[in-house]
Amino acid sequence: SYRIPENAGIIFLGDSRTNGMNITCNFSDDSDKFIVAKDRAGLTWLTTEAYKKINSIAEANNYDKYVVITNMGVNDTDNINGYLEFYKTLSEKYDIILISVNPTNNGATVTNEQIQKISSL
């Protein structure tokens, strides 16, 4: 099991579900927790804007280590290999905790069958 190290900054990375979590839990009020999230975010946002924000947070704050907790993929199920490649790159600098893609109500664009396939990788 993984334990978040002492003096670690924690970056929550995700889409609207992460934004909702932050509204409920107010993580951004804690000095060691940071939110990088965007509603309807996908791989392109992750590999460009989000990556820049993560690196900017790490450069601007003085923590021994950063842990990125991410919950993404539901908005971009066709790009799972791109996510995996990005997470490999991200893991070269940061510890990563991947949360499985959350289930849906079998909406018009994403089914739970697709989500189960992604989460099994």
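Note that the structure is a prediction, hence the values are computed from the model and not measured. (Residues numbered from 1 in each chain as written. Predicted model: local features only at pLDDT ≥ 70, side-chain atom pairs only at ≥ 80, totals over all residues. Heavy atoms only, no water.)

A. Local environment of the pattern of salt bridges. By the definition in use, this model includes three salt bridges. A salt bridge links K65 to D95, with the nearest nitrogen and oxygen atoms 3.4 Å apart. Of this pair, K65 sits in strand β3 (residues 65-71) while D95 is found in strand β4 (residues 95-98), placing the two residues 30 residues apart along the sequence. Taking the relative accessible area as the measure of exposure, D95 reaches 21% and is therefore partly exposed. E85 is the salt-bridge partner of K88, the closest N and O atoms lying 3.5 Å from each other. On the criterion of helical spacing, the pair formed by K88 and E85 is a turn pair, its members being three residues apart in helix α3 (residues 80-90). Looking at E85, the relative accessible area reads 47%, which means it is partly exposed. (Salt bridge = Lys/Arg side-chain N within 4 Å of Asp/Glu carboxyl O. Helix = DSSP H or I, 4+ residues; strand = E, 2+ residues; numbered from the N terminus. Buried < 20%, exposed > 50% of the residue type's maximum accessible area, 1.4 Å probe, protein only.)

B. Expanded view of the packing of helix α2 (residues 43-60) against α3. One can describe the packing of α2 onto α3 by two numbers: an axis separation of 10 Å at closest approach and a directional angle of 15 degrees. Comparing their axes, α3 and α2 come out roughly parallel. In the packing of α2 onto α3, the handedness of the crossing is right-handed. On α3, the residues touching L43, L46, T47, Y51 and I54 of α2 are G82, Y83, F86, Y87, T89 and L90. When grouped by side-chain class, the residues that make up the contact of α2 with α3 number eight nonpolar, three polar and no charged. (Axes fitted to C-alpha atoms, helices over the stretch in contact; angles between N-to-C directions. Parallel < 35°, antiparallel > 145°, perpendicular 65-115°, else oblique. Left-handed = near helix turned anticlockwise from the far one by under 90°. Contact = heavy atoms within 4.5 Å. Nonpolar A, V, L, I, M, F, W, Y, C, P; charged D, E, K, R; others polar.)

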